[in-house]
Amino acid sequence: MPGIDESLLEAMRLPGARGASVVDWISGLALGAVGDAPGGDAEATAAETAELARLATESGALALTGGGGASDGEPGGESGKEPPVEDLIITNADSYHLLRFVTTTFDSTVFVHLWLDRGEGNLALARIRLAEMADRLVLG
């Protein structure tokens, strides 16, 4: 099972990948980063994307609507609780930003941020591969 560094290098092999990072959305700290960062500052990007992740995960409007997860009446701090959002996709004129939340056996507050060039990247492929990568990611 790959760790953070191996997972980030795997993400960078995706067509159009500009940069990737693993971020804790509570603290806003990058646990690892590779490639370029939007604006040139990986730590600032981590803090800004963590704010987006925090808003998405804490939003009642984005909570699960059907069976499963926290909407089933599970207590908030139970181990293995999945975030209410699987991923966020942000598009702009020249790139895609994909934030994939990592589900672990403990309450995970980590996501993977992948920055893709819009002309060279394949958003659908990146989303599938990032989900596979996040499922295999070993934190610690």
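Since this is a predicted model, take the numbers as computed values, not measurements.

### Notes on the sheet that holds strand β5 (residues 110-117)
Sheet strands pair via backbone hydrogen bonds, and the direction of the pair is either parallel or antiparallel.
Logical step 1: Spatially, five strands are ordered β2-β1-β5-β4-β3 in an open sheet, and the strand pairing comes out antiparallel. Two strands bound the open sheet, and with one partner strand each, they are β2 (30-35) and β3 (87-91). Shown here is a sheet whose adjacent strand axes are inclined to one another by a mean of 10°, direction ignored.
Logical step 2: Direction of pairing for β3 relative to strand β4 (residues 95-101): antiparallel, over a ladder of five bridges. When the bridges of β4 are listed, T91 appears paired with Y96.
Logical step 3: Those strands touched by helix α1 (residues 4-12) are β1 (17-24), β2 and β5, and its axis lies near 150° from that of β1.

### Looking at the packing of aromatic side chains
Logical step 1: A complete count under the given rule lists one aromatic pair for this structure.
Logical step 2: Aromatic side chains F101 and F111 sit 6.0 Å apart centroid to centroid with 55° between the ring planes, which places their arrangement in the tilted category. Here F101 is found in strand β4, whereas its partner F111 is found in strand β5, with ten residues between them in sequence. Here F101 matches F111 in class, with each residue buried.

### Some remarks on the nonpolar core
Logical step 1: Counting 19 residues, the largest nonpolar core has V112, L114 and L130 as its most contacted members.
Logical step 2: Breaking this core down by element, the ones donating at least two residues are α1, β1, β4, β5 and α3 (123-136).
Logical step 3: Setting aside residues up to four positions removed in sequence, L130 forms contacts with A11, L98, R100, V112 and L114.
Logical step 4: By size, the runner-up hydrophobic cluster in this structure holds twelve residues, among which are A30, A50, L88 and F101.

### Some words on the pairing of β2
Logical step 1: Where β1 meets β2, five bridges bridge the pair, whose relative direction is antiparallel. Bridge assignment links G19 to a residue of β2, and that residue is G35.
Logical step 2: Adjacent in sequence and paired antiparallel, β1 and β2 are bridged by five residues, among which G28 carries a positive phi angle near 80°.

### Observations concerning helix α2 (residues 42-58)
Logical step 1: When the terminal C-alpha atoms of α2 are compared, their 24 Å separation across 17 residues agrees well with the 24 Å that a helix rising 1.5 Å per residue should span.
Logical step 2: Among the residues of α2, those classed as buried are T45, A46, T49, A50, A53, A56 and T57. Buried positions in α2, seen along its axis, are confined to an arc of 135° and lie on one side of it. The exposed residues of α2 that point more than 90 degrees off its buried face are E48, L55 and E58.
Logical step 3: Buried positions along α2 lie against β1, β2, β3, β4 and β5.
Logical step 4: With a side-chain oxygen positioned 3.1 Å from the backbone nitrogen of E43, the residue opening α2 is D41.

### A few points about the pattern of salt bridges
Logical step 1: Scanning the entire structure with this criterion turns up seven salt bridges.
Logical step 2: R18 is the salt-bridge partner of D94, the closest N and O atoms lying 3.9 Å from each other. Note that D94 is positioned in the loop between β3 and β4 and R18 in strand β1, a separation of 76 residues in sequence.
Logical step 3: You can call R18 partly exposed: its relative accessible area is 22%.
Logical step 4: For R100, the salt bridge is made with D87, and the minimal N-O distance between the two is 3.3 Å. Pair noted here: R100 is in strand β4 and D87 is in strand β3, with a separation of 13 residues, a long-range link.
Logical step 5: The network of salt bridges with shared partners includes E86, D87, R100 and R127.

Conventions used here
- Residues numbered from 1 in each chain as written.
- Predicted model: local features only at pLDDT ≥ 70, side-chain atom pairs only at ≥ 80, totals over all residues.
- Heavy atoms only, no water.
- Pairing = 2+ DSSP bridges.
- Helix = DSSP H or I, 4+ residues; strand = E, 2+ residues; numbered from the N terminus.
- Axes fitted to C-alpha atoms, helices over the stretch in contact; angles between N-to-C directions.
- Contact = heavy atoms within 4.5 Å.
- Phe/Tyr/Trp six-rings, centres within 6.5 Å; stacked < 30°, edge-to-face > 60°.
- Buried < 20%, exposed > 50% of the residue type's maximum accessible area, 1.4 Å probe, protein only.
- Core = buried A, V, L, I, M, F, W, Y, C linked by side-chain atoms within 4.5 Å.
- Expected span 1.5 Å × (residues − 1).
- Arc of directions from axis to C-beta.
- Polar contact = N/O pair within 3.5 Å; in protein donor to acceptor, adjacent residues only side chain to side chain.
- Salt bridge = Lys/Arg side-chain N within 4 Å of Asp/Glu carboxyl O.

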